[in-house]
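# Observations on the model geometry
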Amino acid sequence: MAKVVLVTGANSGVGLALCERLLDEGVHLCMGCRNMQRAETARSALLRSHPSAQVDVLQVDTSSTISVLRAAQEFKLRYHRLDYLYLNAGIMPNPQFDVKAFFRGLLTGQVIEMLATGVGILTQKDNVTPDGFQEVFATNLFGHFLLFRELESLLCGSGQTSQLIWTSSSNAQRSAFSLDDIQHRAGSQPYSSSKYASDLLSLALNTHYNQQGLYSSVTCPGFVMTNLTYRVFPSIPAFFWTLLMPVFWLIRMFTNTFTLTPHYGAEALFYLFKQKPEALDPYSKYHSLTSGLGYTYSEARKMDVDLKTSEALYEKLLQLESEEKRKLQDQQKTFDVRKQRSG
Ligand SMILES: NC(=O)C1=CN([C@@H]2O[C@H](COP(=O)(O)OP(=O)(O)OC[C@H]3O[C@@H](n4cnc5c(N)ncnc54)[C@H](OP(=O)(O)O)[C@@H]3O)[C@@H](O)[C@H]2O)C=CC1
Ligand SMILES: CC(C)=CCC[C@@H](C)[C@H]1CC[C@H]2C3=C(CC[C@]12C)[C@@]1(C)CCC(=O)[C@@H](C)[C@@H]1CC3
């Protein structure tokens, strides 16, 4: 039987490139996307290159609790197994590029580190979702946590192993994250905070689920030219980025994190697909890297995470999950009562 793989954020960028690569392996693919039109366009493109492939679309908006719960319900009706869950959808809203910090970095010799991670040169302005969550937290982390929890029964089946694979980032930073403010309401680095939270959560999930055959890993695609990065300079047309390519190829001589294309960016995500999950290191992040000459490969690098903080975050997420579910039940009850009264 073909392995069933669900990929969130599958209609563009790293997610779409990963889907292309997974189809070469003969998987039964389910593309988790928030916009059905964009999803169908991407699905058609995948079917053009893989005409006999099994490719389905599942509507899911990871920033919305109700959408995630409905998607999981629909998934469980359609499939009886889930072997790989790629938690890839992500946003970095209203990014602000700090030109001064960039030039300071040039003078202090830290520019390569800055370009490799985006740390110090990028901040974001977050939004609040209709559910009342910080949008970056909800989209990048909490929605994915809920999705995983709802699909747990399919992932933790008898005698099989399954994998959760998070698209994190080298932008993840302990200093951007606080257990007292897991949604990052107060700061200006919600993206960094959400990615650090996914690193922590992955560790906690390994602690709690390895015995049930479920393994969680985190990846970083490197710097990839996608819609997410084009939005760093929204007023600049896309061809500007193409003009910058020679500059980026040059920078690639000094840092192997400039993977640039979605196909290369998906390297570590695809690498994990082919590994025995028991052999993976829960304390490492798997990076997609590209050498100066354009050779792509994957490398494990230790993360700055600890068990105690990961446990504390896990507990907070469980609590938030039960609060959300209770809120939805109450809303449903109120709705039912009103419906009864109105006859
Ligand atoms: N590009 C880079 O340099 C790096 C990217 N990453 C991570 O890679 C992942 C993929 O991003 P990338 O391919 O670069 O960017 P893209 O913008 O191309 O892809 C992001 C995907 O996530 C989807 N998405 C966004 N919000 C939601 C939502 N609320 N519900 C469901 N899907 C949603 C998007 O859908 P839609 O098309 O509808 O917007 C899109 O399919 C992200 O997690 C990102 O943080 C990590 C390190 C570097
Ligand atoms: C140096 C020149 C010619 C132009 C500036 C390009 C920057 C906009 C670009 C360089 C490094 C990039 C980068 C990211 C965004 C765009 C840059 C700052 C990320 C922060 C995108 C999201 C991630 O998760 C990080 C891993 C990326 C790190 C590099």
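Under an unreviewed UniProt entry, the chain has the name 3-keto-steroid reductase/17-beta-hydroxysteroid dehydrogenase 7 and belongs to Periophthalmus magnuspinnatus. Checking UniProt for the chain, the heading Subcellular location (unreviewed entry) contains the comment "Endoplasmic reticulum membrane".

## Quick notes on the UniProt feature "transmembrane region" (unreviewed entry) in the chain
Residues given the UniProt feature "transmembrane region" (unreviewed entry) here are residues 232–251. Secondary structure content for residues 232–251 is 65% helix and 0% strand, while the C-alpha to C-alpha distance between its ends is 18 Å.

## Points about the site of ligand 1
Taken together, 29 residues lie near ligand 1, and Gly-9, Gly-13, Ala-89, Gly-90 and Thr-226 sit nearest. Of all the secondary structure elements, the ones that give two or more residues to the shell around ligand 1 are helix 1 (13–23) and helix 9 (227–230). Looking at the shell around ligand 1 residue by residue, the class counts come to nine nonpolar, 17 polar and three charged.

## Some words on the nonpolar core
Counting 82 residues, the largest nonpolar core has Val-5, Leu-18, Cys-19, Met-31, Leu-85, Tyr-86 and Leu-151 as its most contacted members. Sorting elements by how many residues they give to this core places helix 6 (residues 135–150) first, with nine residues. Setting aside residues no more than four positions away along its own chain, Tyr-86 makes contact with Val-5, Leu-6, Val-7, Thr-8, Leu-18, Ile-165 and Leu-269.

## With respect to the pairing of strand 4 (residues 84–87)
Side-chain direction in a regular strand flips from residue to residue, so the side chains alternate between the two faces of the sheet. In strand 4, alternate side chains face the same way, and those of Tyr-84 and Tyr-86 on one face and Leu-85 and Leu-87 on the other are all buried. Two elements, strand 1 (residues 4–8) and strand 4, share three bridges in a ladder whose sense is parallel. Across the sheet, the residue bridging to Leu-6 is Leu-85, located in strand 4. As paired elements, strand 4 and strand 7 (residues 162–167) share four bridges and run parallel to each other. Within the sheet, the bridge partner assigned to Leu-87 lies in strand 7 and is Trp-166.

## A few points about the site of ligand 2
With respect to spatial proximity, 15 residues lie near ligand 2, and among them Gly-118, Ser-169, Asn-171, Phe-223 and Val-232 are the closest. Considering only residue class, the shell around ligand 2 consists of nine nonpolar, six polar and no charged.

## A short note on the sheet that holds strand 7
What the eight strands build is an open sheet, ordered 3-2-1-4-7-8-9-10; its pairing is mixed. Strand pairing shows two members of the sheet lacking a second neighbour, strand 3 (54–59) and strand 10 (296–302), which therefore form its edges. Neighbour-to-neighbour, the strand axes of the sheet open up by a mean angle of 20 degrees, direction not taken into account. Relative to strand 2 (residues 28–33), strand 1 runs parallel, the two being bridged by five bridges.

## A short note on helix 1
For an α-helix, 3.6 residues make a turn, and residues three or four places apart therefore share a direction. For helix 1, the buried fraction is high: nine of the 11 residues fall into the buried class. The complete set of buried residues in helix 1 reads Gly-13, Val-14, Gly-15, Leu-16, Ala-17, Leu-18, Cys-19, Leu-22 and Leu-23.

## Some remarks on the pairing of strand 8 (residues 214–220)
Burial of strand 8 is extensive: seven of the seven residues sit out of reach of the surface. Of the two faces of strand 8, the one lined by Leu-214, Ser-216, Val-218 and Cys-220 and the one lined by Tyr-215, Ser-217 and Thr-219 are each fully buried. Regarding the hand of the β-α-β motif, the stretch spanning strand 7, helix 8 (residues 190–209) and strand 8 is right-handed. For strand 8 and strand 9 (residues 284–290), the ladder comprises three bridges, and the chain directions are parallel.

## Quick look at the environment of Cys-30
Along the polypeptide, Cys-30 turns up in strand 2. Assessed through the 24 C-beta atoms surrounding it within 10 Å, Cys-30 is described here as buried. When residues no more than four places from it in sequence are discounted, the contact partners of Cys-30 are Val-4, Val-5, Leu-6, Asp-56 and Leu-58.

Parameters and conventions
- Residues numbered from 1 in each chain as written.
- Chains lettered and ligands numbered in written order.
- Predicted model: local features only at pLDDT ≥ 70, side-chain atom pairs only at ≥ 80, totals over all residues.
- UniProt positions renumbered as here; feature names shortened; annotations may be inferred.
- Helix = DSSP H or I, 4+ residues; strand = E, 2+ residues; numbered from the N terminus.
- Near = placed C-beta within 6 Å.
- Nonpolar A, V, L, I, M, F, W, Y, C, P; charged D, E, K, R; others polar.
- Core = buried A, V, L, I, M, F, W, Y, C linked by C-beta atoms within 7 Å.
- Buried ≥ 20, exposed ≤ 12 C-beta atoms within 10 Å, placed from the backbone.
- Contact = placed C-beta atoms within 7 Å.
- Pairing = 2+ DSSP bridges.
- Axes fitted to C-alpha atoms, helices over the stretch in contact; angles between N-to-C directions.
- Right-handed = clockwise from strand over helix to strand, strands pointing away.

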